[in-house]
Amino acid sequence: MRISELLKEQKKTLSFEVFPPKTTDSYESVRHSVMEIAALNPDFMSVTYGAGGGTSLYTAQLAKEVMENSGVTAMAHLSCVTSTRDMVKGQLRQIMGMGIENILALRGDLLEGMDSSQLDYRYASDLVKEIRTSYDFCIGGACYPEGHPEAKSLSQDILHIKEKVEAGCEFLTTQMFFDNDLYYRYVERLRENGVMVPVIAGIMPITSPKQVERARTLSGTCFPKAFTEMVEKYETDEKSFYQAGIDYAVKQVEQLRSHGVLPIHIYTMNKPEVARTIQEVAG
């Protein structure tokens, strides 16, 4: 099923993101966790591509297995930052051949010393145009409620989002955020600028102190007082931190639902118990 059609139904949706293994040796253990999550029967699942394309070898394969073994709609991430145009076309043909209808089109993070002006795809909108022109996929894109780290301002970033939508992006999924007001204000700004596609709220349960700085680096997010207080209270107690992190995400989801937010996406980190707990609240 095309995710854009699912979102048009204007009903609550819950989706999960998983990541593929980094090596062949770990494929079966990762696959086992992913299939446990798929068994929860979410509305769809997305499979990441990996920084610099490092795990791209298994992205489409894992998405295919999700569909074939569980019947859950799957979306494959596609990043173009380290790929030539010919490489991207080859990957698109492979994804299409596997029967995958949904793609999350991403530029990807620039590697150290990389000059974006030399890339075949300078922006994600360039990749979206490529896909829309030559292939029949449902195309999703990413967005940052606090603005992309490379953007000079949130206003500039929203203009880039608008370009991506005009190029053929059919829905957006936010990067993680920890203050729901950021999401509400961001969606309002998008609408004011004519971006009317569905905006899926992306929630990341932080279950260990090590994830905190990584989350800040990946998303450029600011942590609200309630979150920092949680981190400070439990940072030396791993077990309590784990539960507190899930509880924080659950509260976010509950508040989003009470605010009328229909589509919610959970960055599961391949943890079935995290997906299961949040599904009990938001499913």
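About the cut-offs
- Residues numbered from 1 in each chain as written.
- Predicted model: local features only at pLDDT ≥ 70, side-chain atom pairs only at ≥ 80, totals over all residues.
- Heavy atoms only, no water.
- Helix = DSSP H or I, 4+ residues; strand = E, 2+ residues; numbered from the N terminus.
- Rg over C-alpha atoms; globule rule 2.2 N^0.38 Å.
- Buried < 20%, exposed > 50% of the residue type's maximum accessible area, 1.4 Å probe, protein only.
- Areas by Shrake-Rupley, 256 points an atom, 1.4 Å probe, with all protein chains shown as cover.
- Lys, Arg positive; Asp, Glu negative; His and termini not counted.
- Charge placed at Lys NZ, Arg CZ, Asp CG, Glu CD.
- Phe/Tyr/Trp six-rings, centres within 6.5 Å; stacked < 30°, edge-to-face > 60°.
- Lys NZ or Arg CZ within 6 Å of the ring centre and 35° of its normal.
- Salt bridge = Lys/Arg side-chain N within 4 Å of Asp/Glu carboxyl O.
- Pairing = 2+ DSSP bridges.
- Axes fitted to C-alpha atoms, helices over the stretch in contact; angles between N-to-C directions.
- Contact = heavy atoms within 4.5 Å.

S.K.: Give a detailed account of the overall build of the chain, specifying residues and quantitative values.
M.R.: Secondary structure summary: the chain contains 11 helices and 8 strands in total. The C-alpha atoms of the chain give a radius of gyration of 18 Å, which matches the 19 Å a tight globule of 283 residues would have. With the C-alpha coordinates of the chain rotated into their principal frame, the extents come out at 50 × 45 × 45 Å. The buried share of the chain, reckoned over its 283 residues, is 52%. As displayed, the chain has an accessible area near 13100 Å², and 48% of this comes from carbon and sulfur atoms. For the chain, the distance from the average position of its 30 positive side-chain charges to the average position of its 38 negative side-chain charges is 2 Å.

S.K.: Break down the packing of aromatic side chains for me, with residues and values.
M.R.: Under the definition given, this model contains 8 aromatic pairs. Centroid distance tyrosine 183 to tyrosine 184: 6.1 Å. Interplanar angle 75°. Geometry classified as edge-to-face. Tyrosine 184 carries the same exposure label as tyrosine 183, and that label is buried. Among the aromatic side chains, those forming a connected cluster through ring pairs are Phe178, Phe223, Phe227 and Tyr248. Across from the ring centre of tyrosine 121, 4.6 Å away, lies the NZ or CZ of arginine 85, which sits over that ring.

S.K.: I'd like a rundown of the pattern of salt bridges, residues and numbers included.
M.R.: Side-chain pairs of opposite charge can arise where the charged atoms are in close proximity. One pass over the structure, following the stated rule, counts 11 salt bridges. For glutamate 9, the salt bridge identified is with lysine 11, shortest N-O distance 3.2 Å. With its nearest N and O atoms 2.6 Å apart, the salt bridge here joins glutamate 130 to arginine 85. Separated by 45 residues along the polypeptide, glutamate 130 in helix H5 (residues 124-134) and arginine 85 in helix H4 (residues 85-97) bring together distant segments of the chain. Through salt bridges with shared partners, a single ionic network connects Arg2, Glu101 and Asp136.

S.K.: Now, about the sheet that holds strand S4 (residues 102-106): what can you tell me, with residues and values included?
M.R.: Spatial ordering of the closed barrel is given by S1-S2-S3-S4-S5-S6-S7-S8, a layout of 8 strands whose pairing is parallel. Neighbour-to-neighbour, the strand axes of this sheet turn through a mean angle of 30°, independent of strand direction. Relative to strand S3 (residues 74-79), strand S2 (residues 44-47) runs parallel, the two sharing 3 bridges. Bridging from a neighbouring strand, serine 46 pairs with methionine 75 of S3. Contacting S3, S4 and strand S5 (138-143), H5 runs over the sheet at an angle of about 145° to S4.

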